[in-house]
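# Chain and residue survey
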Amino acid sequence: MFRKEPAMNDFLYSRASSMQDALAKINISQKHRAVAGGTNLIDLMKYFITDAAELVDVNTIPQHHAIEELPDGGLRLGALTTNAETAYHPLVESRYPLLSKAILAGASAQIRNMATNGGNLMQRTRCYYFYDVNTPCNKRTPGSGCAAIGGYNRTMAIMGTSEHCIAVFPSDMCVALAALNAVVNIEGPDGDRQLPFADFHRLPGDTPHLDNNLKDGELISSIDLPAEGFPQHYSYLKLRDRNSYAFALVSVATAFELCDTGISKARIALGGVAHRPWRVTEAEVFLNGKDPVRVNFEAAADIILQGAVPFEHNAFKIELAKRAIVRNCMMALDPDTQLPGAQPSH
C-alpha cells in the first residue's frame, strides 16, 4: 500500500520595501510569513510542517543589515545580518569573542553565509519526532501527544521539560547571547518593544507549540549587546556526536571577569539541554568572590543541573553537562591556551 503524499506547497512571493511594508504584508494573514535566509523555514515547508500562502522577503530592508555601535558602548546586531558577517565582524571578534566562537560552532559555512541573526532566534527544534509527520508531536500538532517521551530520546532535554514536550532548542548563537545578557528589539503593529534575551524563548509547559514570546505579526529588528563583552576570559564548548555539522548534545558558553580576589563576575549558559538556552543565575552568584578553581566550578555545575530529569536514553547528559561546565570554566580562564580540539574548527 502506497502512502499518499501531500500536495505540493503552493505559495506567492513578494519583497518588502520597508519594515512597515513587511509588517503590513505579514499581518494580512497568519499564512503570510517573513523569510530572510530561509535555512529553517524552507525545510519546515518541505516537510509539510509549515505552510505559507505568501513568503515576504525581508532582505530588502537595508537598516536591519547593519552592525553598529550604541551610545552606551554596546553593539547592535541587525536581524538581517548573516551569521557569518556577525561572527567575522571586527567589533564582534574583538569585543564579543564568545559570540563569534559560538556562531562558528554552528551549522556549516554555507548555512552561516545565508542564515540571519533574527532567523537564528526563530529557528525551531530539530527533534526527529517533530519532523516526522506520521508521529504524534504536541509542538507540531497541539494535543496529539509527545512521541519522544516514550520513544528514542537520546538527544532530548533534561531541564525544564513538561509532560507535553522534551524537545531541545538547537541554536549555538543563542547560548552565547543568553550568557551576554542580550536584548531583542521587536517591531510590530502595536509599536516597538524590547525583550531581555532571558524572556524571549519559552519552556514547553502546556503550550510547547509556542517557541518564544514574539506576538503574532511581530518581527525582530535587531539584537543589542551590552558594553560588557568579556573579551579576556571566555570559552564556548560544543559536545556532539561528530565534530562537523551536528547539533549539540551539550554546549556551554562561559565568561568571567577576574580580579585579585578571584571571580568578580561569572556567566554560564547551556545549550542542548532544554527548550531554551539554560542559565541559572544562582550558580553565577555562587561563583562571585570565589577562587577560579575546579572545586568551585563543580559546585556551580551542581547548582545549574539541580532538578535535571533524565529519560530512558539520555541520562548520560547529566554527567556530560557537569563535566562540560567544569571543563569550559577552566578553558575560559585562559582562552589562548585552550586544548587543541576544544573549540570547533572553522
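In the block above lies the structure referred to throughout.
None of these values were measured; they are calculated from a predicted model. (Residues numbered from 1 in each chain as written. Predicted model: local features only at pLDDT ≥ 70, side-chain atom pairs only at ≥ 80, totals over all residues. Heavy atoms only, no water.)

### Quick notes on helix α5 (residues 97-104)
Burial of α5 is extensive: 7 of the 8 residues sit out of reach of the surface. When we look at burial in α5, the residues that qualify are Pro97, Leu98, Leu99, Ser100, Ala102, Ile103 and Leu104. (Buried < 20%, exposed > 50% of the residue type's maximum accessible area, 1.4 Å probe, protein only. Helix = DSSP H or I, 4+ residues; strand = E, 2+ residues; numbered from the N terminus.)

### A look at the side chain of Asn185
By secondary structure assignment, the location of Asn185 is in strand β6 (residues 183-188). A polar atom in the side chain of Asn185 sits 3.0 Å from the side chain of Asp224. (Polar contact = N/O pair within 3.5 Å; in protein donor to acceptor, adjacent residues only side chain to side chain.)

### Digging into the environment of Met45
Within the fold, Met45 resides in helix α2 (residues 41-46). Accessibility expressed as a relative area gives 3% for Met45, which makes it buried. When near neighbours in sequence (up to four residues on either side) are disregarded, Met45 contacts Asn9, Phe11, Thr50, Ala52 and Leu55. (Contact = heavy atoms within 4.5 Å.)

### With respect to the packing of aromatic side chains
Applying the stated criterion to the full structure yields 5 aromatic pairs. Taken together, a centroid distance of 5.5 Å and an interplanar angle of 90 degrees make the contact between Phe130 and Tyr131 edge-to-face. Taking the relative accessible area as the measure of exposure, Tyr131 reaches 15% and is therefore buried. Put simply, the rings of Tyr47, Phe130 and Tyr131 touch in pairs and so form one group of aromatic residues. Between Lys290 and the ring centre of Phe286, over which it is positioned, the NZ or CZ distance is 4.2 Å. (Phe/Tyr/Trp six-rings, centres within 6.5 Å; stacked < 30°, edge-to-face > 60°. Lys NZ or Arg CZ within 6 Å of the ring centre and 35° of its normal.)

### Description of the sheet that holds strand β11 (residues 262-271)
An order of β9-β10-β11 is seen for the 3 strands of this open sheet, with the pairing classed as antiparallel. Both edges of this open sheet fall to β9 (233-239) and β11, since each of them pairs with a single strand only. Direction aside, the axes of adjacent strands within the sheet are offset by 10 degrees on average. Lying on the sheet, helix α13 (residues 316-332) is in contact with β9, β10 (250-259) and β11; it crosses β9 at an angle near 150 degrees. (Pairing = 2+ DSSP bridges. Axes fitted to C-alpha atoms, helices over the stretch in contact; angles between N-to-C directions.)

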